[in-house]
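Chains, contacts and geometry: an overview
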Amino acid sequence: MEKVKRTPAKLPELVAEFNMEVLNKAPNFNIQTVTISDVNRPALQLVGFYEYFEPIRLQILGKAEMVFLQGMTTERRRKVLEDLLRCEIPALIIARNMEVPPELLELAEKHGRTLLRIDRKTVDATSEIIDYLNKKLAPQITRHGVLMNINGQGVLLLGDSGIGKSETAIELLKRGHRLVADDAVDIRRISTSLYGTAPELIRHYIEIRGVGVIDVQQLFGMGAVQFDTEIDLVVQLEQWQDGKFYDRLGLGEETYEILGVKLPYMIVPVRPGRNLAGIVEIATMKNRQMKYGYNPARDFVTRLDQHYDALNEANRRKSK
C-alpha cells in the first residue's frame, strides 16, 4: 500500500505568495499551518450563528461584512469580533485593503490571532487562495522513475533500476525535450489531474552510471528543464522476454492508476539496438492523437477488414 502524504500549507509562505500586509502576528505565526483549502466569509458568524462554523479554515472579511460591522454600535461590534477571534482561526484576512476598525486590531492582539490585509477584491482573493491551497494540500506520493515533458506532454518513465530510464532521458534532452525529475518523482493529485515535480534536493540533476551526476540546467541550458508538468502518459520499460506476448497493433488501451487517476499506459520492451528515446517520442505523439480521438490501430484494422471484405465479395461474384 502506497503512503499518501498531505503536507500542510505554511501560513508565512501564503502571506509571501500573495504579498499580504501583516497587521498582527499570532505568537505561533512562523510555524502556523493551514490544513484545509476552503476559505470562509464569516457572514453568519457576525450575527451569532456558530453551529456549523469550522475555525480551522482561513477567514476573510469583504466589503459587505465590513459595511455591516461599521453599521453597528461600538459595543456591539466589539462583542461580535470578540466572539469571532475567540475561535482558534489560522488567520483573518481583510480584503480590498480596507481600513481596519481599531477594535479588530486590539482584539487580534488580545487573542493572539494573525490579522492580514490584501489588496485584491474579496472574490478574487478567495478563489486565488483556494487554488493555491488546493495545490499545496493535494495528496502526494513519490515514485521511482523519470518525468519528462515531451512536446508539451508529461511522460512518466517507470522501470527497474538500470533498465535505461536516465539514459533515455539524456537522449530525449538532446532532441530538445525537457527534464522535470530523475530518480524520484513527487506526484500530486489536483482535481482529476496528476502533476509531477522533483524533490528540491535533486531538482535538475541526472545520475548516469559510469559518468556520475550531471546538472542538466548547466549542461543543456534553462530550456532543458521544467519545474513541473501534468502527467499525460506512463511508459513502462522492461527487459525483453522471449516468448512473452507484446501488443503489436496497439488496440488494447491499457491504463495505469495513480492516486485514483487512470492514465494511458504503454509497455516498451528493452533489448540492445532498440532506440528507446525514439520509441518514447513516437509513443507520446500517438498518445496525443488518441487524446483527440484518432486511434491509428483501429483505423488500420478497419482498413484491413474493408480490404478482406472486398476480396471476399469479389471471390463470391466470381464463383457465381
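Everything discussed here concerns the structure shown above.
Residues numbered from 1 in each chain as written. Predicted model: local features only at pLDDT ≥ 70, side-chain atom pairs only at ≥ 80, totals over all residues. Heavy atoms only, no water.

1. Regarding helix H5 (residues 122-136)
Applicable threshold: Elements are defined by DSSP. Helices are runs of H or I of four residues or more, strands are runs of E of two residues or more, and each kind is numbered from the N terminus. One fewer than the residue count of a helix, multiplied by 1.5 Å, yields its expected span. Note on exposure labels: buried denotes an accessible area under 20% of the residue type's maximum, exposed denotes more than 50%, and partly exposed covers the range between, all computed with a 1.4 Å probe on protein chains only. Throughout, the arc means that of the directions going from the helix axis to the C-beta atoms.
Compared with an ideal rise of 1.5 Å per residue, which puts 15 residues at 21 Å, H5 spans 21 Å between its outermost C-alpha atoms and is within 8% of the ideal. Those residues of H5 that sit buried are Thr-122, Ala-125, Thr-126, Ile-129, Tyr-132 and Leu-133. Buried residues of H5, viewed axially, fall in a sector of 135°; they line one side.

2. Notes on the nonpolar core
Selection rule: By nonpolar core is meant a set of buried Ala, Val, Leu, Ile, Met, Phe, Trp, Tyr and Cys residues that side-chain atoms within 4.5 Å join together. Any two residues having at least one pair of non-hydrogen atoms within 4.5 Å are treated as being in contact.
Of all hydrophobic cores here, the largest spans 27 residues; its most connected members are Met-148, Leu-173, Ile-206 and Val-235. Listed by contribution, the elements that provide at least two residues to this core are strand E8 (140-150), strand E9 (153-158), helix H6 (165-174), strand E12 (205-208), strand E14 (228-239), strand E16 (261-270) and helix H8 (276-291). With residues near it in sequence (within four places) discarded, Ile-206 still touches Ser-166, Ala-169, Ile-170, Leu-173, Leu-179, Asp-182, Gly-212, Val-213, Ile-214 and Val-216. Listed in part, the 21 residues of the second largest apolar core include Val-15, Leu-58, Ile-93 and Leu-133.

3. What about a nonpolar patch on the surface?
Our working rule: For patch detection, residues must exceed 30% relative accessible area and be free of salt bridges, and they are connected within 9 Å for like charges or within 5 Å for nonpolar side chains (Val, Leu, Ile, Met, Phe, Trp, Tyr). Computed with the Shrake-Rupley method and a 1.4 Å probe, the accessible areas treat only the protein chains shown as cover for residues. In the sections that follow, a salt bridge refers to a side-chain nitrogen of Lys or Arg positioned within 4 Å of a carboxyl oxygen of Asp or Glu.
Together, Leu-44, Val-47, Phe-49, Tyr-52 and Phe-68 make up an exposed nonpolar region whose accessible area comes to about 540 Å². Mapped onto the elements, Tyr-52 comes out in the loop between strand E4 (39-40) and strand E5 (58-61).

4. Some points on the pattern of salt bridges
Once the charged atoms of two side chains with opposite charge are near each other, the side chains can pair. Across all of its chains, the model carries 17 salt bridges by this definition. The shortest N-O distance in the salt bridge between Asp-232 and Lys-291 comes to 3.5 Å. A residue pair is termed long-range when its members are at least 10 positions apart, and Asp-232 in strand E14 and Lys-291 in helix H8 qualify at 59 residues. On the basis of relative accessible area, Asp-232 is assigned to the buried category, the value being 13%. Within this structure, Lys-79, Glu-82, Asp-83, Arg-86 and Lys-110 form a network of salt bridges that share partners.

5. Concerning the packing of aromatic side chains
Where we set the bar: Aromatic rings from Phe, Tyr and Trp, with only the six-membered ring used for Trp, were paired whenever their centres fell within 6.5 Å, and each pair was classed as stacked if the ring planes differed by under 30 degrees, edge-to-face if by over 60, and tilted otherwise. Whether a charge sits over a ring comes down to the Lys NZ or Arg CZ being within 6 Å of the ring centre and within 35 degrees of the ring normal.
This structure, assessed with the given rule, holds 4 aromatic pairs. Their ring planes at 80° and their centres at 5.6 Å tell us that Phe-18 and Tyr-132 sit as a pair that is edge-to-face. With a gap of 114 residues between them, Phe-18 in the loop between helix H1 (11-17) and strand E2 (21-24) and Tyr-132 in helix H5 connect regions that are remote in the sequence. Here Phe-18 falls in the buried class, since its relative accessible area comes to 7%. The ring centre of Trp-240 lies 3.8 Å from the NZ or CZ of Arg-271, which sits over that ring.

6. Notes on the side chain of Asp-186
Basically, it comes down to this: Two residue types count as positive, namely Lys and Arg, and two as negative, namely Asp and Glu; His and chain ends fall outside the count. Here a polar contact is taken to be a pair of N or O atoms separated by no more than 3.5 Å, where protein atoms must pair a possible hydrogen donor with a possible acceptor and residues adjacent in sequence count only if both atoms sit in side chains.
Tracing the backbone through its elements, the reader meets Asp-186 in strand E10 (residues 178-190). Of the side chains with opposite charge, Lys-5 comes closest to the buried, unpaired Asp-186, at an N-O distance of 4.9 Å. Within the structure, the side chain of Asp-186 is placed 2.7 Å from the side chain of Thr-142, a separation counted as a polar contact. Non-local contacts of Asp-186, meaning those with residues more than four positions away in its chain, are made with Gln-140, Ile-141, Thr-142, Tyr-195, Gly-196, Thr-197, Ala-198 and Pro-199.

7. With respect to unusual backbone geometry
You will see that Asn-19, though not glycine, has its phi angle at about 50°, which is positive. Owing to a relative accessible area of 68%, Asn-19 belongs among the exposed residues under this scheme. Positive phi values are uncommon outside glycine, yet Ser-191 reaches one of about 60°. Tracing the sequence through the fold places Ser-191 in the loop between E10 and strand E11 (193-197). A relative accessible area of 61% means that Ser-191 is categorised as exposed.

8. Here's the deal with the sheet that holds E2
The condition is simple: For two strands to be treated as a pair, DSSP must find at least two bridges joining them. Axis definition: a line fit to C-alpha positions, over the contact stretch in the case of helices; interaxial angles, taken between N-to-C directions, run 0 to 180 degrees.
Spatial strand order, E2-E7-E6-E5-E4: 5 strands in an open sheet with mixed pairing. Each edge of the open sheet is held by one strand with a lone partner, namely E2 and E4. Sheet analysis places E4 next to E5, joined by 2 bridges and oriented parallel. If you follow Asn-40 over to E5, its bridge partner there is Gln-59. Against the sheet, H5 contacts E4, E5 and strand E6 (92-94), and its axis sits at roughly 165° relative to E5.

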